[in-house]
Amino acid sequence: MMIRQWVTTNSVAVTGSFIGLCSLPFGWLTLKTSRLAAGTSLRLWDAYGWSVAAAIIILWLICLALSLAERNRWRSIATGIAANVVLILTFIFAGLNANRLAATGSEFARVSLSAGVWVTIAAVYVLLFAARQSLHNDRVWQNVISWIGLAAVVTLLLTGGLNSLSVVQEFIGRESRFQQEMIKHVLLFGGSVIAGTIIGIPLGIWAARNRRAEKPIFYFANITQTIPSLALFGLLIAPLSALSFAFPALREFGIRGVGAAPALIALIIYSLLPIVRNTFVGLRQLDPAVIDAGLGMGMSRPQVFRRLEIPLAAPLVLEGVRTASVQAVGLTAVAALIGAGGLGWFVFQGLGQAAPDLIILGAIPIIILALVVDAVMRKIVRLSTPKGLATGT
Amino acid sequence: MIKLEQVTKKYGETAAVNGFSLEVNEGEVCVLIGPSGCGKTTTLRMINRLIEPTSGRILVNGRDTGQAKPEQLRRSIGYAIQSVGLFPHLTVAANIATVPELLHWDKSRIARRVEELLTLVGLPPAEYAAKYPNQLSGGEAQRIGVARALAADPPILLMDEPFGAVDPLTRERLQTQFAAIQQELKKTVILVTHDLDEAIRLADRIAIMAAGKLVQYDTPETILSRPANKFVHDFVGTDRALKRLSRINVERFIRPAASVALSASAREAKTAIGGKRSAWVVDEGGQLLGWIDKASLSEATSVRQAVVALDTKDIALMRCATLREALSRMLGQGLKSIPVVDENSRLIGEVTLGDVEAATAEAEE
């Protein structure tokens, strides 16, 4: 409880503001003569000009001041808006100044985002997290401050405002490939979570009903979770290769030692533990009196399941699916290494070519995808929670 | 109406219920009571087949319960348990409507029934129908549990410590309410409890169990006055006489009481008291105010001067009170007689210690 008193929403907000101020000494834009060159780092005031720099500094100071003051609905909204404005300014002027700087250099010159921008993004995230928490009663404002900044940046991106940034340049050169890998990524993580749910929920139900089944099921799920993802992908290569040699028909379906097959299987295995465990707990934590009353009043076992167990366990089960989904988005990045494709492909390409912009091209969409999936699943969990049960988030 | 024939339930080698036979008539309240582990809850749960007997038969209205489908059987038997088990994700109305919905009643009939039952258990429908279980107090939840058990108007009601999980004051109120409901509905009830006072209060007949067997099955009066063996004797406790008094109503024993108006003079009061030592003092409308002592009248000139005021609520009894309450107040207040009043606090008569003694002697026979 002591820790609770120390770490309040305010202290998180203060931390965020502080991190924001820490972004100032770093370089914000890097001007490179070519894709792979080292480049010179430009400070905030050199990159954006003094007026914008001043605006950003003032906004961070405002955030710091508001965070130190007593927590209050309007202060949280103000902090949230200020943070969003910083984010939007950062990106608008990154785009504009990148245009300016790119015009001065050669055709191969690149302008990329530097540490200052990343620290800013981190600071904005922390600050918005704190603001969101204290606005949990006010859904409208909570959603506004959560998404407006991101929405503005995405709009900017789509309208070409950021085209001079090296990341976007990399993208423009590989648009169709990007779309391909994005689709593969979604299919991989989506498919594995759906399959994991279809397999995991029955396993969870079995474990909850049957004491003897409980041990082996959890033994398996726990062990697989501890295997590092890359190792599991690698372990699956050999058996799947052997299988596809033994049954050439499988190769027609695209099941080979490398590629999507081992990735999908491994991802399904990883989705199992959160889903099985949450299904198990969801059913076991039900008040036995409720089930007894249901049976005693004349519900058949299937009716008890449909009318009582499902609605009461659903929120927890869906939380498990949420955990598995967000986990899968991240793990799918590794799948690229064994030829399965996905956004991770860009990350590994970038690593191989020592081109940081490619890495970013892969990493940022993965992060955004994870955030979106998380938000969507949270909404689904909230919708599935029946009124009359205590609500969590 | 309900007949258990040599019912046995074995878990491995141990018999939780051993050759238990019982017959409960229609409209009777039969209370199963006994020490922990005596098999009373197991017996109850065998009636609606939540537990299947190892051997023996249970007949409801002459039909063997073992033949019917368990779900069908249970829908015709009301079931209320100690922890209530209200469905937390459904409103109170939806909870009560459970069995009618399983029986495919139409919506308007269900709605009417829900309203009827909420009124019956003393919870205004307008306020409670849309509430969720987590908004209810313990007493309210237990009442809704009983309403839910009665929803489809089953002829039989099984109750497992239905009033156990609340404080003693609420429990007493719930018991009184249940007794009133039972008067009206006349269901065949089998109730399990470990509280002997509850059993004595509510039962038409009590079945005392020990180690899975039936020890004595009689009316409360008989069990109290003629315990079958040492076990029952000890189980019932040494204050049998007192317990018996809680079964006797004061109505039978009310005798006319000397009373005098507040506005009366000392001389009128002396006449009213006559040979007794005191009289009750009432106002114009006959409402009880206090009492007056013969001795204090010798100094006073009017009743008003010498009257000793009473807190009517603490001292006076209502018609429906038991002799046990009468004795309790006599001892508490140091009086040899207690006034009996009606709903408007008007004096009806009094009950004396002598009456209590006479009633005890009568019960001994």
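Residues numbered from 1 in each chain as written. Chains lettered and ligands numbered in written order. Predicted model: local features only at pLDDT ≥ 70, side-chain atom pairs only at ≥ 80, totals over all residues. Heavy atoms only, no water.

## Digging into the overall build of chain A
So, step 1. If you tally the helices and strands in chain A, you get 17 helices and three strands.
So, step 2. Reported as C-alpha extents along the three principal axes, the dimensions of chain A are approximately 75 × 60 × 35 Å.
So, step 3. In chain A, buried positions account for 46% of the 393 residues.
So, step 4. For chain A, contacts bridging at least 24 residues in sequence account for 75% of all contacts bridging at least 6.
So, step 5. As displayed, chain A offers around 19300 Å² of accessible surface, 70% of which is attributable to carbon and sulfur atoms.
So, step 6. Taking the average location of the 30 positive side-chain charges in chain A and that of its 15 negative ones, the two points are 5 Å from each other. (Helix = DSSP H or I, 4+ residues; strand = E, 2+ residues; numbered from the N terminus. Buried < 20%, exposed > 50% of the residue type's maximum accessible area, 1.4 Å probe, protein only. Contact = heavy atoms within 4.5 Å. Areas by Shrake-Rupley, 256 points an atom, 1.4 Å probe, with all protein chains shown as cover. Lys, Arg positive; Asp, Glu negative; His and termini not counted. Charge placed at Lys NZ, Arg CZ, Asp CG, Glu CD.)

## A closer look at the interface of chain B and chain A
Many analyses report the size of an interface as the accessible area lost when the parts associate.
So, step 1. Between chain B and chain A, the residue contacts involve 23 residues of the former and 20 residues of the latter.
So, step 2. Contact between chain B and chain A buries roughly 1800 Å² in total, counting both sides, with carbon and sulfur atoms accounting for 64%.
So, step 3. In this structure, the connection of chain B to chain A is made through one salt bridge.
So, step 4. The interface formed by chain B and chain A contains six residue pairs in polar contact (both at pLDDT 80 or more).
So, step 5. For the side of chain B that touches chain A, the elements supplying multiple residues, two or more each, are α2 (70-75), β6 (77-81) and α4 (98-102) of chain B.
So, step 6. A total of four residues in the side of chain B that touches chain A trace back to one element, the largest contributor, which is α4 of chain B. (Buried area = accessible area lost by both parts, 1.4 Å probe. Salt bridge = Lys/Arg side-chain N within 4 Å of Asp/Glu carboxyl O. Polar contact = N/O pair within 3.5 Å; in protein donor to acceptor, adjacent residues only side chain to side chain.)

## Details of the sheet that holds strand β2 (residues 14-24) of chain B
Residues and elements named next belong to chain B.
So, step 1. Taking strand neighbours across the sheet as the criterion, the four strands line up as β2-β1-β4-β5 in an open arrangement whose pairing is antiparallel. Either end of the sheet is taken by a strand with one partner, and the two such strands are β2 and β5 (63-64).
So, step 2. Relative to β5, strand β4 (residues 55-60) runs antiparallel, the two sharing two bridges. For Val60, the partnering residue across the bridge sits in β5 and is Arg63.
So, step 3. Lying over the sheet, helix α1 (residues 40-47) contacts β1 (2-11), β2 and β4, oriented at roughly 120° with respect to β1. (Pairing = 2+ DSSP bridges. Axes fitted to C-alpha atoms, helices over the stretch in contact; angles between N-to-C directions.)

## Details of the packing of aromatic side chains
The way to describe two aromatic rings as a pair is by their centre distance and the angle between their planes.
So, step 1. All told, the structure shown has 10 aromatic pairs over all chains when counted by the stated rule.
So, step 2. The interplanar angle of 85° and the centroid separation of 4.9 Å between the aromatic rings of Phe171 of chain A and Phe178 of chain A together place this pair among those described as edge-to-face.
So, step 3. A network of ring pairs unites the aromatic residues Phe171, Phe178, Trp345 and Phe346 of chain A as a single cluster.
So, step 4. Here Arg109 of chain B stacks its cationic end above the ring of Trp105 of chain B, 3.7 Å away from the centre of that ring. (Phe/Tyr/Trp six-rings, centres within 6.5 Å; stacked < 30°, edge-to-face > 60°. Lys NZ or Arg CZ within 6 Å of the ring centre and 35° of its normal.)

## A look at helix α4 (residues 50-68) of chain A
The α-helix advances 3.6 residues per turn, and as a result positions three or four apart in sequence lie on the same side.
Residues and elements named next belong to chain A.
So, step 1. Its 19 residues give α4 an end-to-end C-alpha distance of 27 Å, which sits within 8% of 27 Å, the value for a rise of 1.5 Å per residue.
So, step 2. Listed as buried for α4 are Val52, Ala53, Ile56, Leu59, Trp60, Cys63, Leu64 and Ser67. Burial along α4 is one-sided: seen end-on, the buried residues are contained in an arc of 140°. Exposed residues lying more than 90 degrees from the buried face of α4 are Trp50, Ser51 and Leu68. (Expected span 1.5 Å × (residues − 1). Arc of directions from axis to C-beta.)

## Observations concerning the confidence of the model for chain B
So, step 1. When pLDDT is averaged along chain B, the result is 87, and 99% of the positions lie at 70 or above.
So, step 2. Reported confidence for the predicted complex is 0.79 by ipTM and 0.78 by pTM. (pLDDT = per-residue confidence, 0-100.)

## Details of the packing of helix α13 (residues 260-284) of chain A against helix α15 (residues 301-335) of chain A
Residues and elements named next belong to chain A.
So, step 1. One can describe the packing of α13 onto α15 by two numbers: an axis separation of 8 Å at closest approach and a directional angle of 155°. When the axes of α13 and α15 are compared, the pair comes out roughly antiparallel. Here α13 runs over α15; the crossing is right-handed. (Parallel < 35°, antiparallel > 145°, perpendicular 65-115°, else oblique. Left-handed = near helix turned anticlockwise from the far one by under 90°.)

## Points about the environment of Val303 of chain B
Residues and elements named next belong to chain B.
So, step 1. As for its placement among the helices and strands, Val303 is situated in helix α15 (residues 303-306).
So, step 2. For Val303, a relative accessible area of 0% corresponds to the buried category.
So, step 3. Separated by 22 residues in sequence, Val303 and Val281 place their C-alpha atoms 8.2 Å apart.
So, step 4. Look past the residues within four positions of Val303 in its chain and what remains in contact with it is Val260, Ala261, Leu262, Ala264, Ser265, Ala266, Ala269, Val281 and Ile292.

## Quick notes on unusual backbone geometry
Residue and element names in this part refer to chain B.
So, step 1. A positive phi angle is found at His104, which is not glycine, with a value near 60°.
So, step 2. Here His104 is to be found in the loop between α4 and α5 (107-120).
So, step 3. You can call His104 exposed: its relative accessible area is 71%.
So, step 4. Even without glycine at this site, Lys186 takes up a positive phi of about 50°.
So, step 5. Turning to its location among the elements, Lys186 is positioned in the loop between α8 (168-185) and β8 (188-193).

## Let's talk about the sheet that holds strand β1 (residues 27-32) of chain A
Residue and element names in this part refer to chain A.
So, step 1. Across the sheet, three strands lie side by side as β2-β1-β3; this open sheet has antiparallel pairing. Taken across any chain shown, the strands that pair with only one partner, and hence form the sheet edges, are β2 (40-43) and β3 (110-113). Averaged over all pairs of adjacent strands, the angle between their axes in this sheet comes to 30°, without regard to strand direction.
So, step 2. Of the pairings in the sheet, the one linking β1 to β3 comprises four bridges and is antiparallel in character. The residue bridging Leu31 from the neighbouring strand is Val111, located in β3.

## With respect to the nonpolar core
So, step 1. Counting 90 residues, the largest nonpolar core has Leu22, Leu32 and Ile96 of chain B as the members making the most contacts within it.
So, step 2. The element contributing the most residues to this core is helix α7 (residues 138-150) of chain B, with six residues.
So, step 3. If we skip the residues at most four places from it in the chain, Leu22 of chain B touches Ile2, Lys3, Leu4, Cys30, Leu32, Ala207, Leu214 and Tyr217 of chain B.
So, step 4. Residues Leu59, Cys63, Val111 and Leu113 of chain A belong to the second largest nonpolar core, which totals 40 residues. (Core = buried A, V, L, I, M, F, W, Y, C linked by side-chain atoms within 4.5 Å.)

## Quick look at a nonpolar patch on the surface
Residues and elements named next belong to chain A.
So, step 1. A cluster of nonpolar side chains, Trp147, Ile364, Ile368, Val372, Val376 and Ile380, forms an exposed patch at the surface whose accessible area comes to about 430 Å².
So, step 2. At five residues, helix α17 (residues 356-384) tops the list of elements feeding residues into the nonpolar patch.
So, step 3. Relative accessible area serves as the criterion here: at 37%, Val372 is assigned to the partly exposed category. (Patch = residues over 30% accessible without salt bridge, like charges linked within 9 Å, V, L, I, M, F, W, Y side chains within 5 Å.)

## So, α15 of chain A
So, step 1. Here α15 of chain A spans only 42 Å end to end across 35 residues, well under the 51 Å set by a 1.5 Å rise per residue.
So, step 2. Considering bend angle alone, the principal kink of α15 of chain A is centred on Ala314 of chain A and spans about 50°; proline Pro315 of chain A follows within four residues of it. (Bend = angle between axes of the 7 residues up to and from the residue.)

## Here we look at the domain arrangement of chain B
Residues and elements named next belong to chain B.
So, step 1. Assigned domains of chain B: these are domain 1 (2-245) and domain 2 (250-364).
So, step 2. Between the C-alpha centres of domain 1 and domain 2 the distance comes to 40 Å.
So, step 3. Carbon and sulfur atoms make up 58% of the area that domain 1 and domain 2 hide from each other, which totals about 670 Å².
So, step 4. Counting the surface domain 1 buries against domain 2, the share from its top three residues, Leu242, Arg244 and Leu245, is 73%.
So, step 5. Counting across the interface, domain 1 meets domain 2 through one salt bridge.
So, step 6. At the junction of domain 1 and domain 2, the tally comes to two residue pairs in polar contact (both at pLDDT 80 or more).
So, step 7. For the side of domain 1 that touches domain 2, the class distribution of residues is three nonpolar, one polar and three charged. (Domains from an automatic or database assignment. Nonpolar A, V, L, I, M, F, W, Y, C, P; charged D, E, K, R; others polar.)

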